[in-house]
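As a plain string of letters, each chain reads:
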Amino acid sequence: DTYHAERHPVGQWVLDWTRAQVDLMRPGPHARAIERVVRALAGTRDGATWLAGQLWGVAARCELGEPHPLAGRGAPDFAFDDGTRLAARMRDGRGVLVDFDPAAPLRTLAAGWRDRVHHVAATARDTLGLSALLVRPDGIVAWACDDVPDAADAAHALARWFGAPVAA
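Residues numbered from 1 in each chain as written. Predicted model: local features only at pLDDT ≥ 70, side-chain atom pairs only at ≥ 80, totals over all residues. Heavy atoms only, no water.

A. Inspection of the pattern of salt bridges at higher detail. Counted under the stated rule, the structure contains 9 salt bridges. The salt bridge partner of Arg19 is Asp16, with a shortest N-O separation of 3.8 Å. With a gap of 3 residues between them, Arg19 and Asp16 both fall in helix α1 (residues 3-25), about one helical turn apart. On the basis of relative accessibility, which here comes to 48%, the residue Arg19 falls in the partly exposed class. Overall, Asp16 belongs to the partly exposed group, its relative accessible area being 40%. Overlapping salt bridges, with partners in common, bring together Arg32, Glu35 and Arg39 in one network. (Salt bridge = Lys/Arg side-chain N within 4 Å of Asp/Glu carboxyl O. Helix = DSSP H or I, 4+ residues; strand = E, 2+ residues; numbered from the N terminus. Buried < 20%, exposed > 50% of the residue type's maximum accessible area, 1.4 Å probe, protein only.)

B. Representation of the layout of surface pockets. By volume, the largest pocket is sized at about 260 Å³. If you go around the largest pocket, the residues you meet are Trp17, Ala20, Gln21, Asp23, Leu24, Ile34, Val38, Leu41, Trp50, Leu51 and Leu55. At the level of elements, α1, α2 (29-42) and α3 (45-56) are the ones that each hand at least two residues to the lining of the largest pocket. Examining the composition of the lining of the largest pocket, we find that 5 residues originate from one element, α1, more than from any other. Looking at the lining of the largest pocket, its residues break down into 9 nonpolar, 1 polar and 1 charged. (1 Å grid on protein atoms, 1.4 Å probe; cavity = no way out; pocket = protein on both sides within 12 Å on 5 of 7 lines; lining within 4 Å. Points joined across faces, edges and corners; volume = space filled by probe spheres on them. Nonpolar A, V, L, I, M, F, W, Y, C, P; charged D, E, K, R; others polar.)

C. Unusual backbone geometry, seen in detail. Backbone geometry at Leu128 places phi at a positive 60 degrees, although glycine is not the residue there. You can see Leu128 is positioned in the loop between β2 (117-121) and β3 (132-135).

D. Structural view of the side chain of Asp99. Looking at the element boundaries, Asp99 is found in strand β1 (residues 95-99). Buried Asp99, no salt bridge; nearest opposite-charge side chain is Arg107, N-O distance 6.8 Å. A distance of 3.5 Å separates polar atoms of two side chains, one belonging to Asp99 and the other to His119. Apart from the residues within four sequence positions on either side, Asp99 is in contact with Ala104, Pro105, Leu106, Arg107, His119, Val120, Ala121, Ala122, Ser131 and Ala132. (Lys, Arg positive; Asp, Glu negative; His and termini not counted. Polar contact = N/O pair within 3.5 Å; in protein donor to acceptor, adjacent residues only side chain to side chain. Contact = heavy atoms within 4.5 Å.)

E. Region of interest: the packing of aromatic side chains. Scanning the entire structure with this criterion turns up 4 aromatic pairs. A ring pair is formed by Trp17 and Trp50, whose centres lie 6.0 Å apart and whose planes are at 35 degrees; its orientation type is tilted. Note that Trp17 is positioned in helix α1 and Trp50 in helix α3, a separation of 33 residues in sequence. On the basis of an interplanar angle of 40 degrees and a centroid distance of 6.4 Å, the ring pair of Phe80 and Phe100 is categorised as tilted. (Phe/Tyr/Trp six-rings, centres within 6.5 Å; stacked < 30°, edge-to-face > 60°.)

F. Main features of the sheet that holds strand β4 (residues 141-145). Spatially, 4 strands are ordered β2-β1-β3-β4 in an open sheet, and the strand pairing comes out mixed. The sheet is open, and its two edges are formed by β2 and β4, each paired on a single side. Across this sheet, the average inter-strand angle for adjacent strands is 10 degrees, counted without regard to direction. Bridge count for β1 against β3 is 4 bridges, and the pairing is antiparallel. Bridged to Asp99 within β3 is Ala132. (Pairing = 2+ DSSP bridges. Axes fitted to C-alpha atoms, helices over the stretch in contact; angles between N-to-C directions.)

G. Spatial organisation of the pairing of β3. In β3, alternate side chains face the same way, and those of Ala132 and Leu134 on one face and Leu133 and Val135 on the other are all buried. Taken together, the 4 bridges between β3 and β4 define a ladder with antiparallel strand orientation. Each residue of the ladder has a partner; that of Leu134, found in β4, is Trp143.

Structure representation (structure tokens):
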């Protein structure tokens, strides 16, 4: 249901960048002037970071209405301490609820979506300061939490993206 709202801005971004690249390849003084400006921008730390984020897509963000800055972005491929990675946990097309707390405070909640969402309770080498996150099958972070996860917030995100829970 959110496909158009999420993907249309990305398509517009792709068209804008394609048009800009085509304009840079045209012969003439205007294109050369723009090329010099872009090269100067790329020669600065902030400019290079911005350009890399745009070109690699890591700066892209779908507006999901979630307040966390990671929500709507592609999920980092976390390396879990058991040697697995997040990408490997997503291969079957289900969502993943990652719980970085070894006590797994979201385990009981996650059971309601066990047919559509993997619950991963594992520590990771670098959690980026997160305590939990929900990743959609397309790799987009649907919900994330830095503090103690609020079960009601997690349940709301699970229901929004994966429907109603199954009976216990």
